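# Reading the structure
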There are 4 protein chains.
Amino acid sequence: MKAGFIGLGIMGSRMAANLQKAGFDLVVYNRTKEKAEELVKGGATLANSPEEVGKQCRVVFTMLSTPEAVEEVALGRDGFLKELPGNSLWVDCSTVNPSFSQRMAQVALKMGHRFLDAPVSGSLKPAQNGELIFLIGGEAKDVDEVRPFLDAMGKAVNHVGPHGQGASMKMVNNMLFGQVMVAFAEALRLGTSLGISEETLCQTLMNSPGGAPFLKVKEQKLLTRDFSPEFPLEWMHKDLHLASVTAYEKEVALPALQAAKELFAMAKTAGLSEQDFSAVYEFINPKNSK
Amino acid sequence: MKAGFIGLGIMGSRMAANLQKAGFDLVVYNRTKEKAEELVKGGATLANSPEEVGKQCRVVFTMLSTPEAVEEVALGRDGFLKELPGNSLWVDCSTVNPSFSQRMAQVALKMGHRFLDAPVSGSLKPAQNGELIFLIGGEAKDVDEVRPFLDAMGKAVNHVGPHGQGASMKMVNNMLFGQVMVAFAEALRLGTSLGISEETLCQTLMNSPGGAPFLKVKEQKLLTRDFSPEFPLEWMHKDLHLASVTAYEKEVALPALQAAKELFAMAKTAGLSEQDFSAVYEFINPKNSK
Amino acid sequence: MKAGFIGLGIMGSRMAANLQKAGFDLVVYNRTKEKAEELVKGGATLANSPEEVGKQCRVVFTMLSTPEAVEEVALGRDGFLKELPGNSLWVDCSTVNPSFSQRMAQVALKMGHRFLDAPVSGSLKPAQNGELIFLIGGEAKDVDEVRPFLDAMGKAVNHVGPHGQGASMKMVNNMLFGQVMVAFAEALRLGTSLGISEETLCQTLMNSPGGAPFLKVKEQKLLTRDFSPEFPLEWMHKDLHLASVTAYEKEVALPALQAAKELFAMAKTAGLSEQDFSAVYEFINPKNSK
Amino acid sequence: MKAGFIGLGIMGSRMAANLQKAGFDLVVYNRTKEKAEELVKGGATLANSPEEVGKQCRVVFTMLSTPEAVEEVALGRDGFLKELPGNSLWVDCSTVNPSFSQRMAQVALKMGHRFLDAPVSGSLKPAQNGELIFLIGGEAKDVDEVRPFLDAMGKAVNHVGPHGQGASMKMVNNMLFGQVMVAFAEALRLGTSLGISEETLCQTLMNSPGGAPFLKVKEQKLLTRDFSPEFPLEWMHKDLHLASVTAYEKEVALPALQAAKELFAMAKTAGLSEQDFSAVYEFINPKNSK
């Protein structure tokens, strides 16, 4: 039987392509159909609605940008969930808040299906190269069942715990990325104000034990100020906001997160929303500052 | 001729021991003389004052905890600087503010000597294993002159730029460490509030591209809550304060640094000053919090 | 015809009592019926459900602690809204988020009624003394219609603008109170660390042009450390969180708000949730700190 | 005998004028002599150096912008202190850090003189109208001795405590002003983003118990965006920095202060240094933002 894939944006299109390359037969859906062209050429079936995906599959992957979009394709009027054959498996790879994932799991179970929250760590290039890291919440046996698919799209499968913990880990992970990016940007700001060149600072700090590995991926963006997006700044801001709201619900104080979040908010106001999230550097240390 | 080494604390004692092991003949001084015993057994000459160090050496290393202590041993009543033979070389490995290093360089030059600010990246273990990273400000030829010494104590010599830029780079480097430590502690806080274990969080985040390499060194401290100091929390707080004062002087805004700094300040108030700086985690996520 | 009053907590009970004192005939409802006793003695009719309130009134006041509670009494199974005679007027005095007020206004209009969001500035004592300040969103003619009621409960009626702007102004107002309280607490912290007594600091700062009038109301709490609640700390934290979420939606950066909010979050963690919000001082400057 | 007045800037010139108006005979000094013209016309003696002031007076007032400037006129080569007749009284009205005031007090005592730290609360207009508030550290009898002078320049004399506590109170006071200004600016930012006009917000919030009295003085600046300086933004930033450094020395954490301070730092970077400190609003809510 075929596997469904809904959501063919920056990430989803590349993930689906890797599934196809690994030999999986796909039914795909995307609001903008043009984005499915390559996959259709490769043999995928194009569905006219999420519903049609549901009719042809026992496993469906979703990769969308907001909880609202996920809810719409799953439970909306044309949603796929009501069409799935009994005991199907829905794998949501979108980055959403843990309580949303838990609710989706409950809805799916009530309808006789199974659910995994399986967001990914890694952006454009890892998606393209099949080197994503899956952070999964749900039943171990369900993870095992879809492992062949996941292996085609990623290099590691982390089964974190029960439903919602994939989403939780993803949120925590992005929060770390966001704060580290800001910390590095501030370090460059102070360093350049002291007369050290950006090149020397990157060279030294990225090779120091304090330099997180992903920073090297951002080095060229920082040095050339070409912040073409791999993971847009407004998405990072959204994720930090999500973490902040979750912290409130859990009665946890995270002051440094808040300070970093507001810098992304100011960077948005300065017009950097659609740039890569490393463009927070352009706000913190504008190109023409001394 | 002999090399002088002043300041035999946690770091200095291990650095001097590595110099001795590499065959260098040392004259050492420390306020508490007991700390020199091992070195003296190994053949080092114990000086009764910084002055006496100055009389016997053309190269002097200093490794002290504050600018005030450095100034005292160099320029105080018993200071070594006035006793050095002409054109000697003073290498200050202490972590101090850049403007202090620049002032010391000027004083040394005026007295006919040369100066390097050469603070180190790395704490207890790298000091012990000769794996420190030197971040140096000063003249290239002077760096070359002391390279054999530096190679005995460290694994890398970064000549950053003119006088003061070694100290500058060190400050920027520590600022990055401090902020990343706080970001990681907050990530663990949020993750555990969502029901994920500290072990799983460390495992996942430390191996994620967002996890700076030094965090692995702290893993056992975080998991066991045994924060025996490698780099005491109050020193990190001091360094972040230093960065903050420098930012003010340079008219640079660093809001995320401030938020991290205040968390270290609160951790101090909570009695964690003399623990390792990773003990900021104990403040952010107390052992018995839910 | 009678006026309905739903929600007889700290604030509501006192507001209803002032309506009664002014001669208005009331139908009251509260989940815990005991709280209605005094009013019933005074002549009020006790309803067994919100529904019963709706059947007997053309004007209904609600004063509840969360949007969820408001929605339940208005639109729940026993909600009053569906029972009101046509073109009735619902005045919600609860502190809720502006978008919730706007939604309630729309729902009421659709059902053929009118709505005012009319939260109040002022806590226990102003409620008791009929000295509240109403901040109102809605139609001017509706404000005029209920002005006699409002005058019985408050000393000023501010018609801010269209639906939602009463709630908006209230949120902005509470945000100011929260930040000013934190600022004052930090000022006392720094001042006492410099050896000035709390009494002298309060005396000087509260009479300085920088001292907001409400601080004098808090003086005794600060000096005696008896933080019996007028406006509980967890409510202030909730309101600052609300402001923070609204700021995210409006793409506005408010870094100082965030710093203040996290101090309330930490105060909650320290067990001060149910104390007055001025107890943030106890967190910032614990009684036994030097 | 005459009274000395050194420092005739925005504040000092007006304070000296009020002394003169009250009938005191002055010897004045200012680096830029033009600023003394009016006073000289009024009968004041113009000194060519601080030294000359010292030779003619037993009471000297200083009103300068930095500790360095104060130290220079008092203790520099041409300093007045060494010239004063025995047991003279030096009243420093400058805003400086408490430890500096304490040091000046010690120096003065050692030289056989007396000292008061007597900074003022209030800016241009209160200085002009003789409505300043003096915050004084030192001996009560010395305060009494100069009370006639102080009464000519101000409307209140607060004797806070021993040497340094005048400066301490002033620092704490300015910290409150700075944070409240930021809180108000953020409140306006959120309010306007919700569609409420600046006029309505000012009207409501300034008359709310949360509105500090000084805000009304700033209303026109906020509404017209004409931030001509009464107390320049860079001075406020300096004072908050001073408070921050003092907090570090006293081992006190003040996170909300830091967040406010960094907003002033960003406002400086945005070119607002020389505007009134209320211009932090222009940074937080730029005129053309939605």
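In the block above lies the structure referred to throughout.
In what follows, the accompanying structure is described. Model, not experiment: these values are computed from the prediction.

### Side note on the environment of Q128 of chain C
All names here are of chain C.
- With respect to the helices, strands and loops of the structure, Q128 is situated in helix α6 (residues 124-128).
- Given the relative accessible area of 40%, Q128 is considered partly exposed.
- A C-alpha to C-alpha distance of 6.9 Å links Q128 and M15, two positions 113 residues apart in sequence.
- With residues up to four places along the chain from it excluded, the contact list for Q128 reads R14 and N18.
- At 3.2 Å, the side chain of Q128 forms a polar contact with the side chain of R14.

### Structural notes on helix α5 (residues 98-110) of chain C
All names here are of chain C.
- Given a rise of 1.5 Å per residue, 13 residues ought to cover 18 Å, and the 18 Å separating the end C-alpha atoms of α5 matches this to within 8%.
- Those residues of α5 lying buried are P98, F100, S101, M104, A105 and A108. Taken down its axis, α5 places every buried residue within 155° of arc, on the same side. Of the exposed residues in α5, those oriented more than 90 degrees away from the buried face are Q106 and K110.
- Looking at the buried positions of α5, the neighbouring elements they touch are α4 (67-75), β5 (89-92), β6 (114-117) and α8 (165-193).
- With its phi angle positive at about 90°, G112 sits one or two positions after the end of α5.

### Here we look at the pairing of strand β6 (residues 114-117) of chain B
Residues and elements named next belong to chain B.
- Along β6, one buried face is formed by R114 and L116 and the opposite face, lined by F115 and D117, is buried too.
- Where strand β5 (residues 89-92) lies against β6, four bridges are found, and the strand directions are parallel. Paired with V91 across the two strands is L116, which belongs to β6.
- The handedness of the β5 to β6 crossover, carried by helix α5 (residues 98-110), is right-handed.

### Brief notes about the interface of chain B and chain A
- The partner chain A presents 52 residues to the 52 residues of chain B that form the contact.
- Approximately 4400 Å² of surface area, both sides summed, lies buried where chain B meets chain A, with 75% of it carried by carbon and sulfur atoms.
- Here chain B is connected to chain A by zero salt bridges.
- Between the two partners, chain B and chain A, sit ten residue pairs in polar contact (both at pLDDT 80 or more).
- Only β9 (154-161), α8 (165-193), α9 (198-206), α11 (233-249) and α12 (255-272) of chain B provide two or more residues apiece to the side of chain B that touches chain A.
- The element contributing the most residues to the side of chain B that touches chain A is α8 of chain B, with 20 residues.
- Looking at the side of chain B that touches chain A, its residues break down into 32 nonpolar, 15 polar and five charged.

The rules behind these values
- Residues numbered from 1 in each chain as written.
- Chains lettered and ligands numbered in written order.
- Predicted model: local features only at pLDDT ≥ 70, side-chain atom pairs only at ≥ 80, totals over all residues.
- Heavy atoms only, no water.
- Helix = DSSP H or I, 4+ residues; strand = E, 2+ residues; numbered from the N terminus.
- Buried < 20%, exposed > 50% of the residue type's maximum accessible area, 1.4 Å probe, protein only.
- Contact = heavy atoms within 4.5 Å.
- Polar contact = N/O pair within 3.5 Å; in protein donor to acceptor, adjacent residues only side chain to side chain.
- Expected span 1.5 Å × (residues − 1).
- Arc of directions from axis to C-beta.
- Pairing = 2+ DSSP bridges.
- Right-handed = clockwise from strand over helix to strand, strands pointing away.
- Buried area = accessible area lost by both parts, 1.4 Å probe.
- Salt bridge = Lys/Arg side-chain N within 4 Å of Asp/Glu carboxyl O.
- Nonpolar A, V, L, I, M, F, W, Y, C, P; charged D, E, K, R; others polar.

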